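If you want the building blocks of each chain, they are given just below.
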Amino acid sequence: MIAGFDLDAFVAATLAEDMGPSGDITAAAVIPAEARFSGVMASREAIAIAGLPLAEAFFRALDPDVAIEMPVADGDRVAAGTVLMRIEGHARALLTAERSALNTVQHLSGVATLTAAYVDAIAGTGATLLDTRKTIPGLRLLEKYAVRMGGGANHRMGLWDAAMIKDNHVAVAGDIGAATARARDAGIASIIVECDRIDQIEPAIAHGATHLLLDNMAPPTLREAVALVAGRVPTEASGGVRLDTIRAIAETGVTYISVGRLTQSAPAVDIGLDFEAV
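As the structure is a computational prediction, the values presented were derived from the model and not from experiment.

Quick notes on the rules
- Residues numbered from 1 in each chain as written.
- Predicted model: local features only at pLDDT ≥ 70, side-chain atom pairs only at ≥ 80, totals over all residues.
- Heavy atoms only, no water.
- Helix = DSSP H or I, 4+ residues; strand = E, 2+ residues; numbered from the N terminus.
- Areas by Shrake-Rupley, 256 points an atom, 1.4 Å probe, with all protein chains shown as cover.
- Lys, Arg positive; Asp, Glu negative; His and termini not counted.
- Charge placed at Lys NZ, Arg CZ, Asp CG, Glu CD.
- Core = buried A, V, L, I, M, F, W, Y, C linked by side-chain atoms within 4.5 Å.
- Buried < 20%, exposed > 50% of the residue type's maximum accessible area, 1.4 Å probe, protein only.
- Contact = heavy atoms within 4.5 Å.
- Pairing = 2+ DSSP bridges.
- Axes fitted to C-alpha atoms, helices over the stretch in contact; angles between N-to-C directions.
- 1 Å grid on protein atoms, 1.4 Å probe; cavity = no way out; pocket = protein on both sides within 12 Å on 5 of 7 lines; lining within 4 Å.
- Points joined across faces, edges and corners; volume = space filled by probe spheres on them.
- Parallel < 35°, antiparallel > 145°, perpendicular 65-115°, else oblique.
- Left-handed = near helix turned anticlockwise from the far one by under 90°.
- Nonpolar A, V, L, I, M, F, W, Y, C, P; charged D, E, K, R; others polar.

Caption draft 1: Molecular detail of the overall build of the protein chain. Assigned secondary structure in the protein chain consists of 11 helices and 12 strands. Expressed along its principal axes, the backbone C-alpha trace of the protein chain runs to roughly 70 × 35 × 25 Å. As displayed, the protein chain has an accessible area near 12,600 Å², and 54% of this comes from carbon and sulfur atoms. Separation between the mean location of the 22 positive side-chain charges and that of the 34 negative ones in the protein chain comes to 6 Å.

Encoded structure:
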């Protein structure tokens, strides 16, 4: 489903965390072994969906023969009350997997839903919304997948796929030109350089920057920066971007806008799973 993501290992670890050494003692004590349940997973608010295949994997891990119907798909935007999944199978298994499945879908759909709101806010400007590395440890691939399902795009995936020279790198290296030149001389193809002042733009480009991150600049300064760059490299606005400010930022002409809160602060959405006896 997601390149580089080990779904089986994630499902096994998540279920093991919840079930512990004794398993679901409530289901084992209360639910007859032969009991079967059908259930409906539905949104209780308007959302952008992400994570349904993971929810399916949780249910199938405990009941390989579970019958699952999904009338919608990841990436869809749905209204409150929309049925996301119908399931029917062994009651104990489905009840045991319920919380792990819901936690995952609620969190990832929360990321997708917040992303969709930011994407809508900059529609028509030509700017592209990016995420950041501000992710929950261990969940980066999932959260960045959810950003894509909400209509955003992924920035670099980690420390390995692009250089990003920030203020602390510059402080140690001596100046922005020296830091950028070292990355260039190391043969790095993608060199993102953070600039928090206009006077840093020319030395960064001159020494090999392939992308400029314009940090915490107000819209008038961003317009000046975009004019100075004049299309030589992509520009990215970053730092403190909010839903009520992103449109003005996008209208400055920047190529990208990165928003850490997409993954760092997205609230879980309200999704329920209601079971009915067969």
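Caption draft 2: Representation of the nonpolar core in the model. If you look at the biggest cluster of nonpolar residues, it comprises 76 residues, and the most contacted ones within it are Met41, Phe59, Leu212 and Ile257. Residue contributions to this core peak at 13 residues, all from helix H4 (residues 91-121). Residues contacting Ile257, with those up to four places away along its chain left out, are Ile122, Ala127, Thr128, Leu129, Leu130, Ala237, Val241, Ile246, Ile249 and Ala250. Counting five residues, the second largest nonpolar core, distinct from the first, contains Ala27, Ala35, Phe37 and Ala91.

Caption draft 3: Expanded view of unusual backbone geometry. Non-glycine residue Asn216 carries a positive phi angle of around 55°. For Ala230, which is not a glycine, the phi torsion comes out positive at approximately 55°. Mapped onto the elements of the fold, Ala230 is located in the loop between helix H9 (219-229) and strand S10 (235-238). Relative accessible area serves as the criterion here: at 59%, Ala230 is assigned to the exposed category.

Caption draft 4: Up close: the sheet that holds strand S6 (residues 128-130). Strand order in the open sheet formed by six strands is S6-S11-S10-S9-S8-S7, with parallel pairing between adjacent strands. Strands at the two margins of the open sheet, each flanked by one partner only, are S6 and strand S7 (163-165). Strand-to-strand twist of the sheet, defined as the mean angle between neighbouring strand axes without regard to direction, takes the value 25°. Against the sheet, helix H7 (residues 176-185) touches S7 and strand S8 (191-195), its axis set at about 170° to S8.

Caption draft 5: Layout of the layout of surface pockets. Its boundaries defined by the atoms lining it, the largest pocket holds a volume of some 410 Å³. As for the largest pocket, its lining consists of 19 residues, of which Thr132, Lys134, Ser238, Ser258 and Gly260 are closest to the centre. Counting residues per element, the ones that place at least two in the lining of the largest pocket are strand S9 (211-215), S10 and helix H11 (261-264).

Caption draft 6: Local environment of the pairing of S9. For S9, the buried fraction is high: five of the five residues fall into the buried class. Alternating residues of S9 divide into His211, Leu213 and Asp215 and Leu212 and Leu214, and every residue in both groups is buried. Two strands pair when backbone bridges link them, and S8 and S9 are joined in this way by four bridges, in the parallel orientation. Bridge pairing in S9 links Ile192 to His211.

Caption draft 7: Quick peek at the packing of helix H3 (residues 52-62) against H4. Put simply, H3 and H4 touch, their axes get as near as 8 Å, and they point 160° apart. Our classification of the angle between H3 and H4 gives roughly antiparallel. Of the two elements, H3 crosses H4, and the hand of that crossing is right-handed. Residues Leu52, Leu54, Ala55, Phe58, Phe59 and Leu62 of H3 lie in contact with H4, whose contacting residues are Ala93, Leu94, Thr96, Ala97, Glu98, Ser100, Ala101, Thr104 and Val105. A class-by-class count of the residues in the contact of H3 with H4 yields 11 nonpolar, three polar and one charged.

Caption draft 8: Inspection of helix H5 (residues 140-149) at higher detail. Regarding H5, the residues found buried are Leu142, Glu143, Lys144, Tyr145, Ala146 and Val147. Where H5 terminates, the next one or two residues include Gly151, which has phi positive at roughly 100°.

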